[in-house]
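Residue-level listing of the chains:
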Amino acid sequence: QQQVKQSPQSLIVQKGGISIINCAYENTAFDYFPWYQQFPGKGPALLIAIRPDVSEKKEGRFTISFNKSAKQFSLHIMDSQPGDSATYFCAASKGNMLTFGGGTRLMVKP
Amino acid sequence: GAGVSQSPSNKVTEKGKDVELRCDPISGHTALYWYRQSLGQGLEFLIYFQGNSAPDKSGLPSDRFSAERTGGSVSTLTIQRTQQEDSAVYLCASSVSMADYNEQFFGPGTRLTVL
């Protein structure tokens with residue numbers, strides 16, 4: 001059973017555009033929602049995270065929007081750059097266990 | 001400071017052989033996780049160690065897979081009688097265990113190829 005569904009699987013965006021990745025979860029007990037960024041040949045690294053008591057969190061060009069009633073959250077990358085090209089994973093957790101989405105491969109074209 | 005390290009970075013083995021993959025977590029991190037990432041796929045949870053507690057093995061795909069963590073630090077993932085479908089990148093992560101926070105720090109992974 002996939003508890004965190006992520007879409008799209010791949011995304012191509014022009015430099016300067018907005019990249020949007022969506023995730024939906026099923027378990028209402030989840031209380032921490034991080035996004036991880038993974039470059040080829042590297043392990044994933046935490047990018048930004050949100051808790052369900054807020055609807056939005058912004059760090060630089062990266063924003064998480066959270067809709068608790070819909071059990072959905074999304075990552076927005078503003079002014080996307082070629083250096084943002086990577087695979088992005090959403091995740092959800094209760095306690096120490098993270099459940100990951102399937103990943104989105106983002107390519108930002110110059 | 002030092003991050004999570006894994007060895008070897010690449011491992012090629014023949015079907016039926018046993019392999020051992022090693023993970024050195026960040027010093028002081030009490031929680032350690034193993035994941036499997038197949039080509040172009042997401043992260044599949046395998047096993048979780050928390051301090052001296054019994055590990056959560058709920059993600060291990062078969063009894064050919066096992067893991068141990070010695071002295072609360074280094075961990076070894078063992079795959080016996082490897083199969084071609086075991087080919088994947090095996091990622092290790094560690095975290096400081098806290099009740100309401102969980103940033104996992106990942107190692108670079110071990111790419112396993114079973115011929």
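Residues numbered from 1 in each chain as written. Chains lettered and ligands numbered in written order. Predicted model: local features only at pLDDT ≥ 70, side-chain atom pairs only at ≥ 80, totals over all residues. Heavy atoms only, no water.

### Re the overall build of chain A
Moving on, step 1. Along its length, chain A carries 0 helices and 11 strands.
Moving on, step 2. Mapped in sequence order, the helices and strands of chain A form the string β-β-β-β-β-β-β-β-β-β-β.
Moving on, step 3. Over its C-alpha atoms chain A spans a radius of gyration of 13 Å, differing by no more than 12% from the 13 Å that the globule rule assigns to 110 residues.
Moving on, step 4. With the C-alpha coordinates of chain A rotated into their principal frame, the extents come out at 40 × 30 × 20 Å.
Moving on, step 5. Expressed as a percentage of the 110 residues in chain A, the buried residues total 45%.
Moving on, step 6. Of the contacts made within chain A by residues no fewer than 6 positions apart, 52% connect residues no fewer than 24 positions apart.
Moving on, step 7. Total accessible area computed for chain A in this model is approximately 5,400 Å², and 50% of it derives from carbon and sulfur atoms.
Moving on, step 8. Across chain A, the centroid of the 12 positively charged side chains sits 5 Å from that of the 7 negatively charged ones. (Helix = DSSP H or I, 4+ residues; strand = E, 2+ residues; numbered from the N terminus. Rg over C-alpha atoms; globule rule 2.2 N^0.38 Å. Buried < 20%, exposed > 50% of the residue type's maximum accessible area, 1.4 Å probe, protein only. Contact = heavy atoms within 4.5 Å. Areas by Shrake-Rupley, 256 points an atom, 1.4 Å probe, with all protein chains shown as cover. Lys, Arg positive; Asp, Glu negative; His and termini not counted. Charge placed at Lys NZ, Arg CZ, Asp CG, Glu CD.)

### Describing the side chain of Gln37 of chain B
Moving on, step 1. Assignment of secondary structure puts Gln37 of chain B in strand β4 (residues 31-37).
Moving on, step 2. Here Gln37 of chain B falls in the buried class, since its relative accessible area comes to 11%.
Moving on, step 3. A polar side-chain atom of Gln37 of chain B sits 3.0 Å from a polar atom in the side chain of Gln38 of chain A.
Moving on, step 4. The residues contacting Gln37 of chain B, other than those within four sequence positions of it, are Gln38 and Phe89 of chain A together with Gly42, Leu43, Ala88, Val89 and Leu91 of chain B. (Polar contact = N/O pair within 3.5 Å; in protein donor to acceptor, adjacent residues only side chain to side chain.)

### Here's the deal with the nonpolar core
Moving on, step 1. Ranked by size, the top nonpolar core spans 24 residues in total, and within it Phe33, Trp35, Phe73, Leu75 and Tyr88 of chain A carry the most contacts.
Moving on, step 2. For this core, the secondary-structure elements that each account for two or more residues are β2 (10-14), β3 (19-25), β4 (33-38), β5 (45-50), β7 (62-67), β8 (72-77), β9 (86-94) and β11 (104-109) of chain A.
Moving on, step 3. In this structure, Cys23, Leu46, Phe65 and Ala88 of chain B belong to the second largest nonpolar core, which totals 20 residues. (Core = buried A, V, L, I, M, F, W, Y, C linked by side-chain atoms within 4.5 Å.)

### A few points about the interface of chain A and chain B
Moving on, step 1. Taken together, the 18 residues of chain A in the interface contact 23 residues of chain B.
Moving on, step 2. Broken down residue by residue, the surface that chain A buries against chain B is led by Asn96, Met97 and Phe100 of chain A, which jointly contribute 35%.
Moving on, step 3. Counting every contact that joins chain A to chain B gives 0 salt bridges.
Moving on, step 4. In this structure, the connection of chain A to chain B is made through 3 residue pairs in polar contact (both at pLDDT 80 or more).
Moving on, step 5. Elements supplying a minimum of two residues to the side of chain A that touches chain B: β4 and β10 (97-100) of chain A.
Moving on, step 6. Its residues assigned to classes, the side of chain A that touches chain B shows 8 nonpolar, 7 polar and 3 charged. (Buried area = accessible area lost by both parts, 1.4 Å probe. Salt bridge = Lys/Arg side-chain N within 4 Å of Asp/Glu carboxyl O. Nonpolar A, V, L, I, M, F, W, Y, C, P; charged D, E, K, R; others polar.)

### A few points about the packing of aromatic side chains
Two numbers describe a pair of aromatic rings. These are the distance of the centres and the angle of the planes.
Moving on, step 1. Throughout the structure, instances matching the rule amount to 17 aromatic pairs over all chains.
Moving on, step 2. Aromatic side chains Tyr36 of chain A and Phe106 of chain B sit 5.7 Å apart centroid to centroid with 80° between the ring planes, which places their arrangement in the edge-to-face category. Here Phe106 of chain B lies in strand β9 (residues 105-106) and Tyr36 of chain A lies in strand β4, a pairing that spans two chains. When sorted by exposure, Tyr36 of chain A lands in the same class as Phe106 of chain B, which is buried.
Moving on, step 3. Among the aromatic residues, ring-to-ring pairing joins Tyr36, Phe89 and Phe100 of chain A together with Tyr33, Tyr35, Phe45, Tyr48 and Phe106 of chain B into one connected group. (Phe/Tyr/Trp six-rings, centres within 6.5 Å; stacked < 30°, edge-to-face > 60°.)

### Remarks on the sheet that holds strand β3 (residues 19-24) of chain B
Residues and elements named next belong to chain B.
Moving on, step 1. The antiparallel open sheet is built from 4 strands, whose spatial order is β1-β3-β7-β6. Here the strands that pair on one side only, and so sit at the sheet edges, are β1 (5-7) and β6 (65-69). Put simply, the sheet's adjacent strands are angled 15° from each other on average, direction ignored.
Moving on, step 2. Pairing of β3 with strand β7 (residues 75-79) involves 5 bridges; the strand directions are antiparallel. (Pairing = 2+ DSSP bridges. Axes fitted to C-alpha atoms, helices over the stretch in contact; angles between N-to-C directions.)

### So, the state of the cysteines
One covalent bond between the sulfur atoms of two cysteine residues makes up a disulfide.
Residue and element names in this part refer to chain B.
Moving on, step 1. In total, this model carries 2 disulfides over all chains according to the counting rule given.
Moving on, step 2. Disulfide partner of Cys23: Cys92, at an S-S distance of 1.8 Å. One disulfide, between Cys23 and Cys92, carries an S-S torsion of -65° and so falls in the left-handed class. One end of the pair, Cys23, is in strand β3; the other, Cys92, is in strand β8 (residues 88-95), and 69 residues separate them in sequence. Each member of the pair, Cys23 as well as Cys92, is classed as buried. (Disulfide = S-S within 2.5 Å.)

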